[in-house]
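Letter by letter, the chains look like this.
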Amino acid sequence: MQPLLQVRNLRKSYGSLEVLHGISIDIAPGEVVAIIGASGSGKSTFLRCLNLLETPTSGELCFDGKPVEYGEEGWGWRREKQLQWLRSQIGMVFQSFNLWPHKTVIENIIEAPMIVKNVPRYEAVAEAEDLLRRIGLAEKRDAFPSRLSGGQQQRVAIIRSLAMKPKLMLFDEVTSSLDPQLVGEVLNLMASLAAEGMTMLAVTHEMSFARSVSTRTIFFDGGVIAEEGPSHVVLNHPRQARTQRFLSRTLPVIGPAVTVAEIQSGQARVAQDLSAGA
Amino acid sequence: MQSVFASLPGFLYATWLTIEIAVLVILLSWGFGLVAALGKRSRIAILRVPCDLYIWFVRGTPAMIQIFAVYFGLPQFGISMSPFVAGVITLSLNSGAYVAEIIRGGLMAIPKGQYESPIALGLSHAQSFRRIILPQVARIILPAITNEAVATLKNTSLLSVITVVELTFHAQIVIAKTFQPFQFYILAALIYLLLTTLLTRASALLEARNAVRS
Ligand SMILES: Nc1ncnc2c1ncn2[C@@H]1O[C@H](COP(=O)(O)OP(=O)(O)OP(=O)(O)O)[C@@H](O)[C@H]1O
Ligand SMILES: [Mg+2]
């Protein structure tokens with residue numbers, strides 16, 4: 001199968017400091033990839049290069065079979081059009097939910113489909129309401145974000161991205177600023193997305209997510225991919241000494257391994273797995 | 001008292017001119033201020049340096065000198081304007097420099113994530129700025145921008161020195177005829193007070209409405 005995303009020898013420098021030293025990876029459609037690694041290892045920078053929030057210093061990106069000409073950093077109408085095309089197909093969710101405080105929940109969700117894809121308002125609203133029902137927040141439709149809990153805000157941020165019908169979703173530590181009891185609801189939503197076949201790249205500190213939802217785990221260390229492979233292998237039997245060191249310093253991985261199929265069929269819930277692991 | 005009542009229609013007309021000038025100047029100052037604020041944030045030196053100089057010069061010199069320089073000074077180079085036009089332009093440029101600093105502060109108060117999330121969803125930079133950033137900046141700066149508008153309204157009285165017959169100059173004309181400076185300066189002051197009070201009340205209402213909608 002043709003990869004959805006191909007990354008070849010991606011490098012990123014800030015001034016004279018190179019923080020990504022040539023990353024290469026293929027992501028197949030439907031893959032759920034967890035990215036783990038120490039603080040400062042370049043995980044966020046890598047994600048941000050994929051939707052070009054950061055302009056790579058060099059390297060090749062190919063999305064959905066088309067090479068991405070990201071060009072030089074700077075302005076230009078044609079460059080912006082190309083980047084908008086890419087970003088409208090790659091959703092990104094941040095650690096700090098970044099909902100727009102001056103817009104209601106529904107306005108947050110319909111903004112991008114209406115403005116970027118020219119979806120008529122009634123259609124965008126109908127789709128947004130469907131998404132809200134799905135996450136059980138239909139009654140928050142006209143609330144402002146400040147009235148929502150952190151977990152609710154982050155779930156709205158996720159469906160705000162989904163409203164663009166992206167082919168790839170990027171998550172950057174989306175549960176890190178949540179109270180522990182709110183982490184489960186966000187991870188559950190991500191697990192159900194994974195079960196539906198969404199292609200996902202998630203930087204995470206939640207080992208239970210990496211273990212039970214992701215199909216592949218990538219370990220970043222010092223701006224390179226130090227180890228990668230099927231999640232159960234990387235997390236349970238890491239080959240590299242530095243992966244072992246990193247994993248032994250993070251929370252022990254407890255709880256049964258749960259497959260996506262089990263989550264889908266309702267046999268297992270990530271939240272329970274989490275509460276067992278917490 | 002008789003003469004005060006008799007003079008009211010004239011004062012009404014002068015008040016209207018003051019309002020006209022103030023509204024024009026306030027709107028223009030927002031335009032100048034926005035451009036200068038964005039220019040000052042630019043990474044490109046040919047945009048940033050002129051904006052920097054403009055803000056620095058205007059805030060560091062008296063408004064009165066600026067008005068004299070434009071109205072009396074520019075005709076030396078063949079640029080003459082009516083008192084009204086010269087006054088409106090000078091006051092707008094003057095207030096614009098203060099507005100620029102207010103807007104710059106507002107832009108800095110917006111978290112980085114608010115700039116990134118619309119871009120990540122595919123909005124253009126212009127769309128993100130206009131639809132996501134600017135409305136938030138407007139709310140943050142409302143109190144400061146209201147103060148500046150009040151100052152501007154009062155500063156329109158400076159235009160009396162270049163013969164714009166706004167409220168202050170009109171009062172002086174009437175006083176020259178009636179020799180009743182106390183009554184007419186108080187009348188002018190009360191009219192300014194009414195106008196500035198309306199302005200601050202409107203701003204407070206807007207602020208209350210924003211507080212509900214967030
Ligand atoms: N805008 C920037 N300018 C300069 N250096 C930066 C910038 N952004 C990131 N860096 C540097 O790049 C390196 C990688 O940062 P990055 O945020 O990608 O790490 P991370 O793996 O996401 O860490 P964390 O787990 O703390 O989020 C760090 O050394 C950081 O200081
Ligand atoms: Mg990070």
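The sections below set out a description of the structure shown in this document.

What counts as what
Residues numbered from 1 in each chain as written. Chains lettered and ligands numbered in written order. Predicted model: local features only at pLDDT ≥ 70, side-chain atom pairs only at ≥ 80, totals over all residues. Heavy atoms only, no water. Contact = heavy atoms within 4.5 Å. Salt bridge = Lys/Arg side-chain N within 4 Å of Asp/Glu carboxyl O. Polar contact = N/O pair within 3.5 Å; in protein donor to acceptor, adjacent residues only side chain to side chain. Helix = DSSP H or I, 4+ residues; strand = E, 2+ residues; numbered from the N terminus. Nonpolar A, V, L, I, M, F, W, Y, C, P; charged D, E, K, R; others polar. Phe/Tyr/Trp six-rings, centres within 6.5 Å; stacked < 30°, edge-to-face > 60°. Buried < 20%, exposed > 50% of the residue type's maximum accessible area, 1.4 Å probe, protein only. Pairing = 2+ DSSP bridges. Axes fitted to C-alpha atoms, helices over the stretch in contact; angles between N-to-C directions. Disulfide = S-S within 2.5 Å.

Take the interface of chain B and chain A next. Of the residues lining the interface, 23 residues belong to chain B; the matching set on chain A comes to 28 residues. At the surface where chain B touches chain A, the tally comes to two salt bridges. Counting the contacts that link chain B with chain A gives ten residue pairs in polar contact (both at pLDDT 80 or more). Those elements giving two or more residues to the side of chain B that touches chain A turn out to be α5 (112-120) and α6 (125-155) of chain B. The element best represented in the side of chain B that touches chain A is α5(B), accounting for eight residues. Each residue belonging to the side of chain B that touches chain A can be placed in one class, and the counts come to eight nonpolar, nine polar and six charged.

Here the focus is the packing of aromatic side chains. Taken as a whole and judged by the stated rule, the model has six aromatic pairs over all chains. Ring plane angle 35° and centroid distance 5.2 Å describe the contact between A:Phe219 and A:Phe246, whose orientation is recorded as tilted. One end of the pair, A:Phe219, is in strand β9 (residues 216-221); the other, A:Phe246, is in helix α9 (residues 241-249), with 27 residues separating them in the sequence. For A:Phe219, a relative accessible area of 2% corresponds to the buried category. Taking the centre distance of 4.9 Å and the plane angle of 70° together, the rings of B:Tyr71 and B:Phe72 count as edge-to-face. Taken together, the aromatic side chains of B:Phe68, B:Tyr71 and B:Phe72 make up a single cluster linked through ring pairs.

Residues and elements named next belong to chain A. Pairing within the open sheet is antiparallel, and its four strands lie in the order β2-β1-β4-β5. Edge positions in the open sheet fall to β2 (17-27) and β5 (66-67), since each of these has one partner strand only. Taken together, the two bridges between strand β4 (residues 58-63) and β5 define a ladder with antiparallel strand orientation. Following the sheet pairing, Phe63 is matched in β5 by Lys66. Taken strand by strand, helix α1 (residues 43-50) contacts β1 (5-14), β2 and β4, and its axis lies near 120° from that of β1.

Residues and elements named next belong to chain A. Reading across from one edge, β6-β7-β8-β3-β9-β10 is the order of the six strands in this open sheet, with mixed pairing throughout. Here the strands that pair on one side only, and so sit at the sheet edges, are β6 (90-93) and β10 (224-230). Between one strand and the next, the sheet's axes are offset by a mean angle of 15°, whatever the strand orientation.

Further remarks concern the state of the cysteines. Residues and elements named next belong to chain A. In the structure shown here, the tally under the stated rule is zero disulfides over all chains. The thiol of Cys62 is not disulfide-bonded; the next cysteine sulfur, from Cys49, is found 16 Å away. With a relative accessible area of 17%, Cys62 lands in the buried category.

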